[in-house]
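Spelled out, the chains give:
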Amino acid sequence: MSSSRTRLEDLAAIAGVSIATVSRALNNSPAVNDETKRRVWKIARDHNYNFRPSMPALMSGAAATIAVVVPTLAGRQTEVSDPFFQELIGGLSEAGRSVGCDVLISYLTPKNQDDLASIMTANRAEGVIFLGQSFLHERFNRLAETEKRFIVWGAEIPGQKYCSIGSDNIGGGNKATTHLINLGRRRLAFVGDTSNTEINQRYEGYVAAHRRADLEVDPDLTLQAGFDVESSEAAITSLLERGIPFDAVVAGNDLIAMAAIRCLTREGLKVPSDVSVVGYDDLQLSAYGHPSLTTISQDPTRAGRVMVAKLIATGENGAMRSERLPTDLIVRESCGLN
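Since we're looking at a predicted model, the values are computed, not measured.

Peer 1: What am I meant to see in the overall build of the protein here?
Peer 2: Check the secondary structure of the protein and you find eleven helices and twelve strands. Expressed as a percentage of the 338 residues in the protein, the buried residues total 53%. Summarising the internal contacts of the protein: among those between residues at least 6 apart in sequence, 70% fall at separations of at least 24.

In structure tokens form, the structure reads like this:
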């Protein structure tokens, strides 16, 4: 059915409910239970019926709406507090504006599969972008069995059924580590939360660079740290207190790298003459520290354009293909300028 021919009567017949129930469901009336609403909304979307359930009205003249969902995780720092995610949201907003789309930001805590499904059905957006995977990977896989109009910013994982866009984390970790090895560094610490899929892939690149250079990976130099300054500084401090020698730090992101530099400086070590440091993300502020930070660039502006373009270009039955974006090594002062 086309949108010009689909009537309330048609939706009611397909859903097996009355026309009045369909009308109430499309208007998000509390008189209709959530399960029936979701079923009616899905049928309406499948048949291109023009409805706008529960989100605010479109900005005047906007061609479409894209929802950007930043899942908040119980017991963990929300990812949007990471400066990289702030820059990524900025890139998405600019990409949406360039093609006449309204971009809406939501911060939600999906507790189960129904919550995730509701995010898709209980909004008016033509497409949804989730920033971050974390524990949601299997739920995204199940969601992909019924929904195609969403993209996830994150890693590509074996057995993945949904579209994800992210940087080449393995390649980026490899570049950062190889650069330090080429500068003559031989005792390289890796600092980051390897339970996070993207950080773990950067660690895989770190390991691969060691193997190619015929260097042993010392498990004492793999330090677990969250995305906050305090845990990153604590990880470096513990290494120093244990007297384990190291001459370089490969950080899981720029915030960790800057925390490492601050900790090393406080302890009387010089960066980069004593210890070289490389970050990951190329945040805008990474160029303005002292010393300025050598890092891996992910280009959030390009990432925003890619995700918005994929959502807009995908047809009703189209499948979006996952994509890894290239990374670049940005050489500054924190590892030496050789």
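We are not done yet, so read on.
Peer 1: So what exactly am I meant to see when it comes to the pairing of strand E5 (residues 164-167) here?
Peer 2: Here is the key point about a regular strand: its side chains alternate between the two faces of the sheet. Residues Ser164 and Gly166 of E5 are buried on one face, and the alternating residues Ile165 and Ser167, pointing to the opposite face, are buried as well. For strand E4 (residues 150-153) and E5, the ladder comprises two bridges, and the chain directions are parallel. By the bridge assignment for E5, Val152 is matched with Ser164. The sheet contact formed by E5 and strand E11 (residues 323-325) spans three bridges and is parallel. Note on E11: the bridge partner recorded for Ile165 is Glu323.

Peer 1: I'm lost on the pairing of strand E6 (residues 188-191) in this one. Help?
Peer 2: Neither face of E6 is open: one carries Leu188 and Phe190, the other Ala189 and Val191, and all of them are buried. Across four bridges, the pairing between E6 and strand E8 (residues 248-251) is parallel. Looking at E8, one finds that Phe190 is bridged to Val250. Relative to strand E7 (residues 222-223), E6 runs parallel, the two sharing two bridges. The residue bridging Val191 from the neighbouring strand is Leu223, located in E7. What joins E6 to E7 is helix H8 (residues 197-212), and the crossover it makes is right-handed.

Peer 1: Looking at this structure, I do not really get the packing of aromatic side chains. What am I missing?
Peer 2: Note on aromatic pairs: each is described by the distance of the centres and the angle between the planes. Considering all chains together, one arrives at ten aromatic pairs under this definition. Aromatic side chains Phe84 and Phe85 sit 6.0 Å apart centroid to centroid with 80° between the ring planes, which places their arrangement in the edge-to-face category. Note on Phe84: relative accessible area 3%, which makes it buried. Phe85 sits in the buried class, given a relative accessible area of 7%.

Peer 1: Got a minute to help me understand the nonpolar core in this structure?
Peer 2: For soluble globular proteins, nonpolar side chains are generally found buried alongside one another. Among the nonpolar cores identified, the biggest contains 39 residues, and Val191, Tyr206, Ile236, Val249 and Val277 are the most heavily contacted of them. Of all the secondary structure elements, the ones that give two or more residues to this core are helix H7 (169-182), E6, H8, helix H9 (229-241), E8, helix H10 (254-266) and strand E9 (276-278). It is H10 that contributes the most residues to this core, six residues altogether. Residues within four places of Ile236 in sequence aside, it is in contact with Val191, Leu223, Val249, Ala260, Cys263 and Leu264. The next biggest cluster of nonpolar side chains, apart from the first, holds 26 residues, and it includes Val68, Phe84, Cys101 and Leu311.

Peer 1: Could you clarify how one ought to interpret helix H2 (residues 19-26) in this entry?
Peer 2: Given 3.6 residues to a turn, an α-helix orients residues that are three or four positions apart in the same direction. Among all positions of H2, only Thr21, Val22, Ala25 and Leu26 are buried. Buried residues of H2, viewed axially, fall in a sector of 130°; they line one side.

Peer 1: Hey, could you run me through the sheet that holds E5 in this one?
Peer 2: Sheets are built from strands that pair by backbone hydrogen bonding, the pairs being arranged parallel or antiparallel. Read across the open sheet, the six strands follow the order E2-E1-E3-E4-E5-E11; overall the sheet is parallel. Since the sheet does not close on itself, it has two edges, and those belong to strand E2 (101-108) and E11, each with one partner. Averaged over neighbouring strand pairs, the angle between their axes works out to 20° when direction is ignored. Sheet strands touched by helix H4 (residues 83-98): strand E1 (64-71), E2, strand E3 (127-131) and E4. Its angle to E2, the strand with the most contacts, is close to 150°.

Peer 1: Help me understand the sheet that holds E7, please; the structure alone is not making it clear to me.
Peer 2: Taken in spatial order, the four strands make up an open sheet running E7-E6-E8-E9, and their pairing is parallel. Each of the sheet's edge strands pairs with one partner strand only, and the pair in question is E7 and E9. With three bridges connecting them, E8 and E9 associate as parallel partners. Following the sheet pairing, Val250 is matched in E9 by Val278. Along the sheet, H7 makes contact with E6, E8 and E9, crossing E8 at roughly 170°.

Peer 1: Got a minute to help me understand empty space enclosed by the protein in this structure?
Peer 2: Gaps left between atoms show up when a probe the size of a water molecule is rolled over them. For the structure on display, the rule yields one cavity of 30 Å³ or more. Space inside the largest cavity adds up to approximately 30 Å³. Gly173, Ala176, Phe190, Arg202, Val250, Ala251, Gly252, Gly279 and Tyr280 are the residues that line the largest cavity. Among the elements of the structure, H7 and E8 are those that each provide at least two residues to the lining of the largest cavity. In terms of residue class, the lining of the largest cavity is made up of five nonpolar, three polar and one charged.

Calculation rules
Residues numbered from 1 in each chain as written. Predicted model: local features only at pLDDT ≥ 70, side-chain atom pairs only at ≥ 80, totals over all residues. Heavy atoms only, no water. Helix = DSSP H or I, 4+ residues; strand = E, 2+ residues; numbered from the N terminus. Buried < 20%, exposed > 50% of the residue type's maximum accessible area, 1.4 Å probe, protein only. Contact = heavy atoms within 4.5 Å. Pairing = 2+ DSSP bridges. Right-handed = clockwise from strand over helix to strand, strands pointing away. Phe/Tyr/Trp six-rings, centres within 6.5 Å; stacked < 30°, edge-to-face > 60°. Core = buried A, V, L, I, M, F, W, Y, C linked by side-chain atoms within 4.5 Å. Arc of directions from axis to C-beta. Axes fitted to C-alpha atoms, helices over the stretch in contact; angles between N-to-C directions. 1 Å grid on protein atoms, 1.4 Å probe; cavity = no way out; pocket = protein on both sides within 12 Å on 5 of 7 lines; lining within 4 Å. Points joined across faces, edges and corners; volume = space filled by probe spheres on them. Nonpolar A, V, L, I, M, F, W, Y, C, P; charged D, E, K, R; others polar.

Interpretation in functional terms is not warranted from these geometric data alone.
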